[in-house]
Amino acid sequence: MKTIIQQLTEAFGPSGFETEVTELIKSMIEEHVDELGADVLGNLIAVKKGSQDGKKIMFAAHTDEIGLVVTHIDDKGFLRFGNVGGVGISTLVGNRVRFAGGAVGAIYQEKGSWKDLTLDKLYIDIGAESKEEALKKVKVGEFGIFHREFEDLGNRLIAKSMDDRVGCAVLVEALKTIKNPKNTLYFVFTAQEEVGLRGARTAAYGIEPDLGIALDVTLTGDMPEARRMDVSLGKGAAIKVKDSSLIAHPKVKDLLVSLAEEKQIPYQMEVLDAGGTDAGAIHLTKAGVPSGAISIPTRYVHSPSEMVDIRDVKACVDLVVALADKDLAAI
Amino acid sequence: MLLARLTEANGAPGQEGEVRDLIRAELEAHVDEIKTDALGNLIAIKNPDAPGPRVMLAAHMDEVALMIVGIESNGYLKFRPIGGVDPRVLVAKSVVVGAKKVPGVIGSKPIHLQKPAERERPFTIQELLIDIGAKTKEEAERLVKLGECAYFTTKYEEIGNGKIKAKALDDRVGCELAIRLLQEDVSFPLIAAFTVQEEVGLRGAGVATYQVKPDLALVLEGTTASDVPGTDEHKHATTVGAGPCITVIDRVSIPYPPLVQELFALADEEGIKVQVRRNTAGGTDAGRIQMSEEGVKVATIAVPCRYIHSPVSVMSKDDYEGAYKLVKSYLKRLQEREASN
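Engineer: What am I meant to see in the sheet that holds strand 15 (residues 267-271) of chain A here?
Structural biologist: Each strand in a sheet pairs with another by means of backbone hydrogen bonds, the pair being arranged parallel or else antiparallel. Residue and element names in this part refer to chain A. Overall, mixed pairing links the 8 strands, which are arranged 1-2-12-3-13-16-14-15 in an open sheet. Each having just a single partner strand, strand 1 (35-38) and strand 15 make up the two edges of the open sheet. Averaged over all pairs of adjacent strands, the angle between strand axes in this sheet comes to 25°, irrespective of strand direction. Where strand 1 and strand 2 (residues 44-48) come together, 4 bridges link them in antiparallel fashion. Across the sheet, residue Gly 37 finds its bridge partner in strand 2, namely Ile 45.

Engineer: Explanation requested: the nonpolar core in the structure shown.
Structural biologist: It is characteristic of soluble globular proteins that their nonpolar side chains tend to be buried jointly. Ranked by size, the top nonpolar core spans 173 residues in total, and within it A:Phe59, A:Val170, A:Leu171, A:Cys316, A:Val320 and B:Ala178 carry the most contacts. With residues up to four places along the chain from it excluded, the contact list for B:Ala178 reads B:Leu57, B:Ala59, B:Ala192, B:Phe194 and B:Leu220. Counting 26 residues, the second largest nonpolar core, distinct from the first, contains B:Leu66, B:Val97, B:Ala140 and B:Tyr151.

Engineer: Which parts of the structure should I look at to understand the domain arrangement of chain A?
Structural biologist: By a frequent convention, interface size equals the accessible area lost on bringing the separate parts together. Residues and elements named next belong to chain A. Assigned domains within chain A: domain 1 (2-65 + 160-324) and domain 2 (67-146). For domain 1 versus domain 2, the distance between C-alpha centres works out to 31 Å. Taken together, the contact pairs 11 residues of domain 1 with 14 residues of domain 2. Class assignment of the residues belonging to the side of domain 1 that touches domain 2 gives a composition of 5 nonpolar, 3 polar and 3 charged.

Engineer: Would you mind going over the confidence of the model for chain B with me for this structure?
Structural biologist: Reading predicted coordinates in detail is not appropriate for stretches of low pLDDT. Here chain B averages 95 in pLDDT, while 100% of its residues score no lower than 70. As a predicted assembly, this complex carries a pTM of 0.94 together with an ipTM value of 0.92.

Engineer: Is there a simple way to explain the pairing of strand 15 of chain A in this structure?
Structural biologist: Consecutive side chains along a regular strand alternate between the two faces of the sheet. All names here are of chain A. Where strand 14 (residues 237-242) lies against strand 15, 5 bridges are found, and the strand directions are parallel. Directly across from Ala 237, in strand 15, lies its bridge partner Tyr 267. In the classification by handedness, the crossover that spans strand 14, the intervening helix 6 (residues 250-262) and the parallel strand 15 is right-handed.

Engineer: Where do I start with the domain arrangement of chain B in this structure?
Structural biologist: Residues and elements named next belong to chain B. Partitioning chain B into domains gives domain 1 (2-63 + 167-340) and domain 2 (66-152). One C-alpha centre belongs to domain 1, the other to domain 2; they are set 32 Å apart. Opposite the 10 residues of domain 1 that make contact, domain 2 presents 11 residues. Broken down by class, the residue content of the side of domain 1 that touches domain 2 amounts to 4 nonpolar, 4 polar and 2 charged.

Engineer: How should I be thinking about the interface of chain A and chain B in this particular structure?
Structural biologist: Across the contact, 24 residues belong to chain A and 18 residues belong to chain B. Looking at the side of chain A that touches chain B, the elements with two or more residues in it are strand 4 (67-73), strand 5 (78-84) and helix 5 (198-207) of chain A. If you tally residues by element for the side of chain A that touches chain B, the top one is helix 5 of chain A, at 5 residues. Its residues assigned to classes, the side of chain A that touches chain B shows 8 nonpolar, 10 polar and 6 charged.

Engineer: I'm lost on helix 2 (residues 17-27) of chain B in this one. Help?
Structural biologist: The α-helix winds at 3.6 residues per turn, so residues separated by three or four positions along the chain end up facing the same way. Residue and element names in this part refer to chain B. Looking at helix 2, one finds that the buried residues are Val 19, Leu 22 and Ile 23. End-on, the buried residues of helix 2 take up no more than an arc of 95°, which puts them together on one face. As for helix 2, its buried residues are in contact with helix 1 (2-8), strand 2 (42-46), helix 5 (169-181) and strand 12 (190-195).

Engineer: How should I be thinking about the pairing of strand 12 of chain B in this particular structure?
Structural biologist: All names here are of chain B. With 6 of its 6 residues buried, strand 12 lies for the most part within the structure. Of the two faces of strand 12, the one holding Leu 190, Ala 192 and Phe 194 and the one holding Ile 191, Ala 193 and Thr 195 are both buried throughout. Both strand 2 and strand 12 contribute to a ladder of 5 bridges, which runs antiparallel. By the bridge assignment for strand 12, Ala 44 is matched with Ala 192. Where strand 3 (residues 55-60) meets strand 12, 6 bridges bridge the pair, whose relative direction is parallel. Pairing of His 60 across the sheet is with Thr 195, part of strand 12.

Engineer: Looking at this structure, how should I read the environment of A:Phe150?
Structural biologist: Residue and element names in this part refer to chain A. With respect to the helices and strands, the residue Phe 150 is situated in the loop between strand 9 (143-146) and strand 10 (151-152). Taking the C-beta count within 10 Å as the criterion, Phe 150 has 19 such neighbours and is therefore assigned partly exposed. It is 9.8 Å that separates the C-alpha atoms of Phe 150 and Ser 161, two residues lying 11 residues apart in sequence. Once you skip the residues sitting within four places of it in the chain, Phe 150 turns out to touch Gln 6, Thr 9, Glu 10, Leu 157 and Ala 159.

Calculation rules
- Residues numbered from 1 in each chain as written.
- Chains lettered and ligands numbered in written order.
- Predicted model: local features only at pLDDT ≥ 70, side-chain atom pairs only at ≥ 80, totals over all residues.
- Pairing = 2+ DSSP bridges.
- Helix = DSSP H or I, 4+ residues; strand = E, 2+ residues; numbered from the N terminus.
- Axes fitted to C-alpha atoms, helices over the stretch in contact; angles between N-to-C directions.
- Core = buried A, V, L, I, M, F, W, Y, C linked by C-beta atoms within 7 Å.
- Buried ≥ 20, exposed ≤ 12 C-beta atoms within 10 Å, placed from the backbone.
- Contact = placed C-beta atoms within 7 Å.
- Domains from an automatic or database assignment.
- Nonpolar A, V, L, I, M, F, W, Y, C, P; charged D, E, K, R; others polar.
- pLDDT = per-residue confidence, 0-100.
- Right-handed = clockwise from strand over helix to strand, strands pointing away.
- Arc of directions from axis to C-beta.

Set out below in structure tokens:
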């Protein structure tokens, strides 16, 4: 499982340009699914057929990651850039970027106080000595991502884009485990979540699921002087109560809790003040879809060093596997 | 000239009738179907049942405006902006108000009566009033109804070497492009959606797309150019005169990357100068169109306009012609692809 997480988190996939990630996932799951499809927004949709009396479950994990886009190249070869998704200024200075075409660069700031730092005071140095040299490596309008390697610290793992490649890894692992499920399962590896839950919306429109479940990271409150939040690394899968995009359907939330109890899967309840997931888009599709989310507790979300605990990740896989076979008549 | 008539027509969000009538009259003879939907979008269709891709051109008819929200006892009109208007551009501008096009002026306290602190800051919308020359509330009420809008009176004019100054270039320039392009001779279904209420939240585009069900949509826009003195070059979203711009990302959309790539390559082949829109802020109808049903391929092509959302903006005729040529070449390419199928 760690290898899957490493491969997925080291792949390139800012919002809108998720192909490298979806191709990688395709190669991982091909043998385990009944159908594979793609759509205009860039979603990868894998179907595992269930029995006649089963229902349609849509699991969503997003393939895109936050990133940057080149907006200007000056005469000396320095780049200016805009954000792709919710990029935190404090995580940028001194960080490294990798572009679609392979160029790598360092981000730094103009002189001035940290307090007044805005995105347009930052620049990227790709080692070019002139505009002409820079133009050979990147183009204005080219997308980039944080350039960081995966680190295995034992139970804890650090990588860029754990948000949400770890959710993708959960679905990949579950797909490999599940044989002949009761319900028909749509594993949707969604595009463009970070810029507004876009892929999940169009995918759900086509699928019309009976139940929607997002697999995504959530924040934790177990660090020094952290903002109060009752989710910790190592305490199990987080079952979502609410975030700013969704109030989990009470029956869905209760079903996940009872499944976790029954199968003795470690779990914790998640109440997230700010932030949304694909379930926010899914539950408002057409006439509405009962939806919830299974979240992977993650520290330092939207930084190049997002940290998860492999035991939580495995608990999430177990919960997805259990749900695949659950009788959903009550939903 | 059509662009002159389009920019001089008035159409606040939700009150696009005058613009819609003009476009309808212009297009009626050239299309197979033309209809106005429940939100007020005007949808014009060529070859509705023909085989091939359903291609939609989209441009919004509405412009930012000032809605009359109160009439004072002394006959002055209170107003609030509909869509994004910077209050600092309003003082002492000429306007016309409502269906009767009542002439007026945006008035403010004269400088010699302002307290020192007031001189240090711009007027707020609350401190500005429209003066239509009425002496009493009753007199004003005979001319203007609450909920009607005031518009700037800017005349369309060609200035300098190939520049145009006019109001509401955002997005009458897109409307003009769509009207011209709809006259192209193609065999596949070609639809133009002239949308409403873009400036207040991209409201018309979603329902228009739901009806049209396009395979592909090209959004034609007038977008902000900030290439004016006193700004750093790296903060220029677009540059007037550097060609039409193609969006790679904005606040509401990441246009379909393969289509975007194809447009850049096509511009290169045809020798059309284009630029990347170099700002991730702002939104166009593409956001709603892309998200319709199971998703639609979109691209946004825009003409750079300085001073948008103000009484007057400036654009280059060359950029506008470049946008026309680019879309025309793309439609031609689709036509060739159809013919070879």
